[in-house]
Structure formats: C-alpha cells, structure tokens
Amino acid sequence: MFLNNLSYEIKLLKRSHWLLILLISTLVLFAFATFNGEKNVEKRRNDISIMQNELHKNDSIVHSALTKIENGEQLDIPYSQLPTEPMVIGYRHPRLAVMQPEALSFISTGQSDMYTHFKSPTVYGNNFALDYSEMVNPVQLLFGNFDLAFVIIYILPLMIIAFTFNVLSKEKELGTLRLLGAQPIAITRWLLQKMAIRYILFTLITLIVLLLAIGIFSAKAFSEPINVIGLILIIAAYIFFWFVLAFVINIKINNSAKNALALIGLWLLIVLVLPATINQIGNSIYPTPSRLKMINEIRLIKKENEEKQNEIMSEYLRIHPELAQENDDLKLGFWHNYFASEKVMEEKTKPLLAEYDQQLQKQQDLISRFKFVSPAIMMQQALNKLAGTSEQHYNDYKKQVFEFSTTWRNYLVPMLFKNEKITKAKFNKLPKFEYQNRISSDVWINFLGIFLMCPIILLVVTRKQLKDKSAQTLSL
Amino acid sequence: MANTKLKKQNYKHMITTKNLTKKYGDFTAVNNLSFNIQSGEILCLLGANGAGKSTTINSLLNFIEPTSGKVEINGLDVVKYPLKTKTFITYIPENLMLYPTLTAVENLDYFTKLSRKTFNKTELKAFLTEAGLQEEAHDKRVKAFSKGMRQKVGIALAIAKDSKVLLLDEPTSGLDPKSSNEFMELLTKMKNKGVAILMATHDLFRAKEVSTHIGIMRSGMLQKYSKTTDLSLKELETIYLDIMNFKHVN
C-alpha cells in the first residue's frame, strides 16, 4: 500500500501544483533568510575588522614611537601619552577583545543584535564588565530579524499547517473518504502513510533548499559538518513534530475549517504564547535587577574609598609586599592609589555583581527548565547554540573579557609599582585576547526533546484511533 | 414481516443481517432487522428518507457499529473482521466521488491497488470498457465526468476486484433515464455473474425491474419482504404507499 500511496500522492500533489508552490516558497524564504542572516554576520565582521584595523594603526604608531625612544630620539609627546609608561599603554592602547562570529552564526541572530562583539578592557574603569548592550532599533526588536531561525520556527509550521490541515477532511468533503473506507484498508494507517509521505517530501524539499541556500550565500558553514548535521536533524525533528500535530488534528476533528483553526491556535500557543509566558514568569519570579541601581551603589563605594585613600594604600602594600620592596623611593601617584582602591572596590562590588549575574542566571535557568513545554523554545535554543549567539555565549564572552582584563592589569600594574618602562620587546609581548567558544553546540537534548514528544502525543491522543481497523472512530 | 429468513441451502448467504439494531441515543435508526442475500440475488430496500436503508449499508461497511445484532459478509462477522469482509465488497454511494485530477484509469488503478490487486493498463481499460465507459474517457481526468460515468468507474472497480457483494446507496438518483437504464443493465450483468447486491433506493419502478427481492422499510423496521416475482408493480405500489401512509391515487 505504501508504494501505491507514494506514487499517487506525488501525482496528486504535482497536479495540484503543491510541490511547485512548496519549492518556490521555501526557495524564496530560505534564500532571503540566509542572505539576510549572512548580511548581519558580514556587518558584524566588518565592525570588528574596522576596530582591528584601527588597533593595528594605533599599534604601529606606538611601535614607531618606542623605536624612536629606544634610539635615543626626543619625542614631542606629553607624559600622559608617553608609550613607555605602562599606564599609558594600559589605558590608551588597550587590546581588542573580539568575539568573532561562528561559521553558522547566520542561522540565528539570537542575542547578537543586543550585545557587542568587541570590547577594549583598559586598566581604568569597569565598563567592560557592565555594559555590553548595543543600541538597537526598537522596531527591529519588536518584529525580530528575518533570519533562518525565524523562518524555521515561525513560518515553517504555518507552511506545514497549510500543507496538511485537510489531508483527511478534504477526502471527506470531496466524497472520496466513504469509497476509501469501503476498501480493505485501515483508514488511520492509510492516513499515517499519506502523512509520512508528505513529511518525507516536505522535509526533503526543505532541507535540500536550505543546503542550497547555505551553499550559495554562506558556504563557510560546511566547514563545521557536525553542526550542519545537527541543524538538519533538529529541523527534521521540528517538522516531524508539526506533522504529528496535524495528523492528530486531522483524526480528531476531521473538518477542514475547524482543523485549520485548531492548528493555527496550537501554532499561536506553541510559538508565541508559551515562550512569552515562560519569559514573563521568569521575569516575575526573578525580576531583572536594575543596572542603574548597581552603578549607583558602585559609585557610593568609590566615594567611600576616596575618603579612606591612605588607609587603603597602606593595606594594599601590606598585602602586596612584592610591589613595595624594591622601590623605597616610590612616589605614589594617581594610578597607584587607583589600583589600591580598585582592589578594595573589587572586593566590595563582587557581591553586587554576583547578585546581578545570579538573578539573570536564575531567570535563564527557569526558562531552560521549562523549555520542554514548547518545541519552539527548544528549537530557538538549539539554533542559537549552533549559531553561537545564545545568551550563554554572550555571558561566557563577558566572562572571558573579564578574565582578560585581569590578565591585562596583572601584566601592567606590577610594572607601574616597580617603575618599569614599556619597551618594544615588552610591547610585542602584551597579552592578547583570544575568544574561545566554550559553550557546547550539542543539540542532542533539544533534538530528543522535540522528537520524543511526537510518539507521546500520538499514543496519548490517538491511541484509540490507531487501533481502529474499521473507520468507526472517524465520522465518514 | 420483520424476521423473514430465507434459507436456500444450495446458495451461500453473502449478505446477512441478524436482528440488527442501531440506536442513536433515544432514536432507533434500525430496529431488529434480519435478512439474507445470496449470490446472484438483488435485494432492493425501499423506503422514505430516514427509514434506515443507509444505516443498514453503513453497518455492513462497518462505518458504524451495531447497537445489537450481527451483520455478516460471506459468513464473516463485519465487526470482527472489518478488513477481510471489505475484500468482498464494492460500495457505490449515491454520489460516487473519485479523485478529480486523476484519470479514470488512474482512479481505478489506485483503488484496486488499495484492495491489493494489481492490473496493467490494458486490463484496467478492459474493466472500464466492460463497465460501459467509453474508451475516449479512459485517460481523461474525472473532474469532467458525469455522475453516470463515475458510477461506471465504480462498477469497473467491482469487476476488477471480483467483488462478491455490491452495496448501492441510491445509485440511480439524479441519473438521466439513459444512464439509469445502462446502470440497471450493468447490475443485471453483475447479478448473473453471481454477485449479491443490496440496493437502497426510492425508485419503485427500477426496483421492480432489476431486483430479485424487495424489502420495504419504515422507521428502521422491515415492514414487507417479498420475492419481486410475487408482486405486480401495481401491488407493490399499493403496498409501498400503504406502508408509507400515503394516499393511493388511481
């Protein structure tokens, strides 16, 4: 029966021009989304590249200045810009901490339009630890980006609904269902085969078109074959989920208008309402802490420190005898006092920052725990993971920048206290930031989560109908 | 007479209902209905709308489960063996609908394959010709077919499936006299081949013309069951109108 169904289903779909419509619409949607996603990534790369060029330009100026100084030439540069001073380098010539896009970043904008991808942590201030947000067009935020994730999560289910909502009810309305029911076949099995054929066709067309679009607009993605396979599997599972829903509705309702309405209702619930509700619950239970409040508190601590400057410096040198030992004639200036109080600041602000981070983490954990409620959430998480644009990625980037800032200071501050100068050799050995993607792009849990939902839904909702060899459970 | 039992040992009972009752809540659609149809017999069930004719056919197709009683096809309980019993049946509803974008041959091929029978194109065309469908219509899409043409495809399906049982629900309603005559000729041919036929109809005259037995149903009950040869058309008309509570106009 399967081969008979297969050949006639393809014939019927071809003659009703469905396959052509599907092919054209997926082609247009995927091509535009891939192109758009790649454009966004390109912009990100360009921004990074501009910053890197600027840094290189700046570095060569510093380099030539250092060469001249080492050659004994006199430079007409004020002390505050003298490149031999560690703090001048630390403050005026910081390194660039760049988060380069991943090979699959084009598939999902994720958080990439919310956060920056480059930071220059200096020895002064802590903006690098606080402010990572980008200026974003609020209208863009409201409607989201037209990327592959948007097409896959929001539009593909609508296409599946249009493709499947009336598979059984159309037979009923056409009048062929009674004739089918009179044949020695179980209608539910026949429908299951018909849906399986449509699933195979839909998935094949979707994935071929997707790979074609990626090949044309972002061929680099194939350099990560495991992630591309992950992408293919998770999309196949997501399409499967929607086909299972359509099968259940076809069997349970069996009226075209009602089927369409029910499926659109489920689409709204799964794709929009549930994710928004879970987000809202996360916000209500663990409200996002105020950044303004935190900055104010940090300022108060700073002010308090300024008043106790002398005590703080003595305490600092007591803790760091290695910085005072060889410099009995050390003149304590602005930078010395600054780093001494910065240490105290760090200690006092640590709980504040930790509280802020913990609250955000709790929010994300809650959303993560509830992700199994909606395959759309699992899908978004998986695509963001593959794209390297998830909240986790940006948090980890922030963490890496923070770690690098410590390395940066630890390299320069001892030089300040030991009154050492920056040389060409030392300048060349300045610590460099290298972003490591430490977040696993493993999407197996999400894949299994979506995939395993399907047999559960089938067995729980349509067990009776699946057992029915007659057509009694369907109103013919 | 509700419980008439026909017993002819030399013929096999192909269609049997035994005290068939179907209730929808308080409403009884079919009430204690029993009859047998043997190979080569045509039973015409006459009755007004809602008399229970279609419910009887739906029970034989296992589209609905009887509230009580039994229905059998070729000696097999329809409820216990729904798929097996359907291998013997061809069903032609009042308005036989086929896939409009497929040709007559393709439709026939699809439905015969669903019955696990495979034929080549020449054989399929031969079945369509035997069913009276003109050759030039064989490769045309059925969306342009008349009701009569579609019913011929249905008969071709019965021939191809080598069906032992034909269930017809108001097959001639809406057919022009020529098509109706052609259809009756086809039924006679099928009967002569030994097919057991149950036809639900309003058409008294066609029923008299083609059937071997006539049953008149009212309110789900078989009010009259008789051999067609035992009744003249006039008598049949009188009985029918009487049962239906209509005044007989001479």
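Note that the structure is predicted; figures quoted are calculated from it, not measured.

Enquirer: Please explain the pattern of salt bridges as it appears in this structure.
Expert: One pass over the structure, following the stated rule, counts 23 salt bridges over all chains. Note that Glu9 of chain A and Arg198 of chain A form a salt bridge whose closest N and O atoms lie 2.6 Å from each other. Note that Glu9 of chain A is positioned in helix H1 (residues 2-15) and Arg198 of chain A in helix H9 (residues 187-217), a separation of 189 residues in sequence. What makes Glu9 of chain A buried here is its relative accessible area of 2%. Overall, Arg198 of chain A belongs to the buried group, its relative accessible area being 12%. Here Arg206 of chain B makes a salt bridge to Glu209 of chain B, at a shortest N to O gap of 3.1 Å. Pair noted here: Arg206 of chain B and Glu209 of chain B are both in helix H7 (residues 204-210), with a separation of three residues, about one helical turn. Taken together, the shared-partner salt bridges connect Glu9, Glu171, Lys194 and Arg198 of chain A into one network.

Enquirer: Would you explain helix H7 (residues 167-174) of chain A in this entry?
Expert: Because each turn of an α-helix spans 3.6 residues, side chains separated by three or four positions in sequence point in the same direction. Residue and element names in this part refer to chain A. Burial in H7 covers these residues: Val167, Leu168, Ser169 and Glu171. Among the structural elements, helix H6 (148-164), helix H8 (176-181), H9, helix H10 (225-252) and helix H11 (256-285) are those in contact with the buried residues of H7. Positive phi shows up at Gly175, right after H7, with a value of about 100°.

Enquirer: Honestly, the packing of aromatic side chains in this entry has me stumped. Any pointers?
Expert: The geometry of an aromatic ring pair is captured by two quantities: the separation of the ring centres and the angle between the planes. If you walk through the whole model with that rule in mind, you get 26 aromatic pairs over all chains. Positioned over the ring face of Phe163 of chain A is Arg198 of chain A, at 5.1 Å from the centre of the ring. Sitting over the face of the ring of Tyr24 of chain B, Lys22 of chain B holds its NZ or CZ atom 5.2 Å from the ring centroid.

Enquirer: Got a minute to help me understand the interface of chain A and chain B in this structure?
Expert: Often the size quoted for an interface is simply the accessible area lost on bringing the parts together. At the interface, 26 residues of chain A touch 31 residues of chain B. In total, about 2,800 Å² of surface goes out of reach between chain A and chain B, with carbon and sulfur atoms giving 59% of it. Connecting chain A to chain B are two salt bridges. For Glu106 of chain B, the salt bridge is made with Lys11 of chain A, and the minimal N-O distance between the two is 3.5 Å. Where the side of chain A that touches chain B is concerned, the elements lending two or more residues are H1, H7 and H8 of chain A. In terms of residues, the side of chain A that touches chain B owes the most to one element, H1 of chain A, which gives six residues. Looking at the side of chain A that touches chain B residue by residue, the class counts come to 13 nonpolar, eight polar and five charged.

Enquirer: Just to check I follow, could you spell out the environment of Gly215 of chain B for this structure?
Expert: Residues and elements named next belong to chain B. Secondary-structure assignment places Gly215 in strand E9 (residues 213-218). As a C-alpha pair, Gly215 and Gly69 span 146 residues in sequence and 19 Å in three-dimensional space. When neighbours within four sequence positions are excluded, Gly215 is seen to be in contact with Leu43, Cys44, Leu45, Leu46, Leu222, Lys224 and Tyr225.

Enquirer: Can you help me understand the domain arrangement of chain B in this one?
Expert: Residue and element names in this part refer to chain B. When cut into domains, chain B gives domain 1 (1-88 + 164-250) and domain 2 (95-163). Taken over C-alpha atoms, the centre of domain 1 sits 25 Å from the centre of domain 2. Taken together, the 19 residues of domain 1 in the interface contact twelve residues of domain 2. Carbon and sulfur atoms supply 54% of the area buried between domain 1 and domain 2, which totals about 1,200 Å² over both sides. Of all residues in domain 1, the largest losses of buried area upon contact with domain 2 belong to Lys164, Leu186 and Met190, amounting jointly to 33% of the total for that side. Our count for the contact surface shared by domain 1 and domain 2 stands at three salt bridges. Here Lys193 ties to Glu130 by a salt bridge, and the two come within 3.2 Å at their closest N and O atoms. At the level of secondary structure, the elements contributing two or more residues to the side of domain 1 that touches domain 2 comprise strand E7 (165-169) and helix H6 (177-192).

Cut-offs applied
Residues numbered from 1 in each chain as written. Chains lettered and ligands numbered in written order. Predicted model: local features only at pLDDT ≥ 70, side-chain atom pairs only at ≥ 80, totals over all residues. Heavy atoms only, no water. Salt bridge = Lys/Arg side-chain N within 4 Å of Asp/Glu carboxyl O. Helix = DSSP H or I, 4+ residues; strand = E, 2+ residues; numbered from the N terminus. Buried < 20%, exposed > 50% of the residue type's maximum accessible area, 1.4 Å probe, protein only. Contact = heavy atoms within 4.5 Å. Phe/Tyr/Trp six-rings, centres within 6.5 Å; stacked < 30°, edge-to-face > 60°. Lys NZ or Arg CZ within 6 Å of the ring centre and 35° of its normal. Buried area = accessible area lost by both parts, 1.4 Å probe. Nonpolar A, V, L, I, M, F, W, Y, C, P; charged D, E, K, R; others polar. Domains from an automatic or database assignment.

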